[in-house]
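Fold and contact review
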Amino acid sequence: MIKFDKLEVPTEGERIGNLDGGLVVPSQPFIPVIEGDGIGRDIMKVTRRVVDAAIDTAYSDRRITWFDVYAGERANATYGEWLPQDTFRAIKHFRVALKGPLTTPVGGGFRSLNVTLRQTLDLYACVRPVRYFEGVPAPVTHPENMDVVIFRENTEDVYAGIEWAQGTPEAKKVIDFLQTDMRVAVREDSGIGIKPISIFGTSRLTRMAIQYALDHNRTSITFVHKGNIMKFTEGAFRDWGYKLAQAEFGNQTITEENVSSEHNGQTPDGKIVVKDRIADSMLQQILTRTAEYDVIATPNLNGDYLSDACAAQVGGIGMAPGGNIGDETALFEATHGTAPKYTDQDVVNPSSLILSAVMMLEHLGWQEAADLVIRGLERTILQKRVTYDLERLMDGATKVGTSEFGSAIIENFMC
Ligand code: NAP
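Residues numbered from 1 in each chain as written. Predicted model: local features only at pLDDT ≥ 70, side-chain atom pairs only at ≥ 80, totals over all residues. Heavy atoms only, no water.

Regarding the pairing of strand S6 (residues 125-131)
Spelled out, the test is: The buried label applies to any residue whose accessible area, calculated with a 1.4 Å probe on protein chains only, is under 20% of its type's maximum; exposed applies above 50%, and partly exposed to all values in between. Each helix is a run of DSSP H or I of at least 4 residues and each strand a run of E of at least 2, with the numbering of both proceeding from the N terminus. In short, DSSP must find at least two bridges between two strands for them to pair.
Counted residue by residue, S6 has 5 buried out of 7 residues, so it is predominantly covered. Note: S6 against strand S7 (residues 147-153), 7 bridges, orientation antiparallel. Across the sheet, Arg 131 pairs through a bridge with Asp 147, a residue of S7. Bridge count between S6 and strand S14 (residues 321-325): 3 bridges; the pairing is antiparallel. By the bridge assignment for S14, Ala 125 is matched with Ile 325.

Set out below in structure tokens:
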């Protein structure tokens, strides 16, 4: 058994295996869990309870062995560092983990813990399903038209962290190189950031997105890019995406152009339509022609904006789940922050983390348990038994606390 510096692995449980790139899930897997800072405590407690109850209801012989690992303030208190090696090693070794929100300490030179986790564990796809739950107050007339799954590239683009502050010798060196060797004009007083987008990074992301579309009977995949301006990064992302779709999924996909020119606008049965949109146009279309979009693959920065815009359209990021997925490891997490003013008050909405745990159950192949949680959540919202954030926007709703909301979900599994 793997040994850690300061972690005790529980005695009962088994490691999730990996065979030919697929997970081999035992009946009692270890799942490392980062509780998170601030409201992490409130929402993780109830999420674990809901997930355990769903598994218990769905199966007679399965359960999760939760295994606490540390990041953020708890890690700092235990290890004197914010992201200890033990945590990386545990997630890598046990393969699937769940995480609450983490404080990013403010101050020069401090990288976001979330970005560090994603990059160090090579969790190259940030997967954000966005759908509407009936009854949730939403700012648009037809929120029910939204049902997308966004695959945001997680390791490249301007998020790669390759940047130099204005006035530093490094920035000066890069500017000198650009001016002298590359003969391009850059103002002397510029800060510099680099935007790398590779064939490798694009291909593995689009491969995962198209495979997801096929596995889940989705109808289309849209590459969202700003290739009209950034031709060799965003434009190349689009071109490499189409190339991969043709090379690896040629029998199962068809381009939008082909549907229009060869099939009179009717998609042939069993084919997934591959299309692309420029990012600014996409932010309009997702609002005006919502139902035309399904699975989306996009570089890092576009994905950041688009995920939150889509989530806002169906009632805010309090309900939006997320998963960071690589070839070996997956980390599912709430998409909101630590909301420190509500810490330990048992008032906040745990839906984002609960829905992230649903994604985790689906990733494990435990669909029956995932379905129970979704059913419980849908019914609880329809009954208008909701936390303060939703209650203040709904007529005639009953305000419940975080743990009470969890109990209502469990009560509603089988109704
Ligand atoms: P935040 O923690 O997301 O909170 C902003 C506001 O959003 C809250 O005051 C609350 O609004 C609402 N909110 C957030 N989560 C909620 C929930 N579960 N239920 C109901 N309402 C919720 O954003 P922040 O204040 O900008 O960031 C605080 C800390 O979190 C920072 O240290 C930041 O770095 C970190 N952060 C971490 C992550 C992550 O770990 N993935 C993501 C974002 C931010 P009302 O006040 O209107 O009720």
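Considering the pattern of salt bridges
Filter applied, for reference: In what follows, salt bridge is the name for a side-chain nitrogen of Lys or Arg lying within 4 Å of a carboxyl oxygen of Asp or Glu.
Summed over all chains, the structure comprises 21 salt bridges. A salt bridge links Asp 147 to Arg 218; its shortest N-O distance comes to 3.5 Å. Of this pair, Asp 147 sits in strand S7 while Arg 218 sits in the loop between helix H6 (199-215) and strand S10 (220-225), and the two are 71 residues apart along the sequence. Residue Glu 234 is joined to Lys 195 by a salt bridge in which the shortest nitrogen-to-oxygen separation is 2.8 Å. Separated by 39 residues along the polypeptide, Glu 234 in helix H7 (residues 231-249) and Lys 195 in the loop between strand S9 (192-193) and H6 bring together distant segments of the chain. Of the two residues examined, Glu 234 and Lys 195, each falls in the buried class. Each of Lys 99, Arg 118 and Glu 333 takes part in salt bridges that share partners, so that together they form one network.

Brief notes about the packing of aromatic side chains
Short version of the rule: Stacked, tilted and edge-to-face are the three classes assigned to paired rings of Phe, Tyr and Trp, where Trp is represented by its six-membered ring and a pair needs centres within 6.5 Å; plane angles under 30 degrees give stacked, over 60 edge-to-face, the rest tilted. We count a charge as sitting over a ring when the NZ of a lysine or the CZ of an arginine lies within 6 Å of the ring centre and within 35 degrees of the ring normal.
On inspection of all chains with the given rule, the structure shows 9 aromatic pairs. Clustering of aromatic rings is evident, with ring pairs tying together Phe 4, Phe 30, Phe 67 and Phe 94. Directly above the ring of Phe 133 sits Arg 131, whose terminal nitrogen or CZ lies 3.8 Å from the centroid.

Some points on the site of the ligand
Stated formally: A single heavy atom is enough: if one lies within 4 Å of a molecule or strand, its residue is considered near that molecule or strand. Any pair of N or O atoms that falls within 3.5 Å is considered a polar contact. Within protein, one atom must be able to donate a hydrogen and the other to accept it, and sequence-neighbouring residues count only if both atoms are side-chain atoms. Here, Shrake-Rupley sampling with a 1.4 Å probe gives the accessible areas, and only protein chains in the shown set may cover a residue.
Near the ligand, the surroundings consist of 20 residues, among which Gly 337, Ala 339, Tyr 342, Asn 349 and Tyr 388 are the closest. The separation between a nitrogen atom of the ligand and a polar side-chain atom of His 336 is 3.3 Å. Tyr 342 is positioned with one of its side-chain polar atoms (N or O) 2.8 Å from an oxygen atom of the ligand. The fraction of the free accessible surface of the ligand (880 Å²) that becomes covered by protein chains is 66%.

Everything listed here is a matter of geometry and, on its own, says nothing about what the molecule does.
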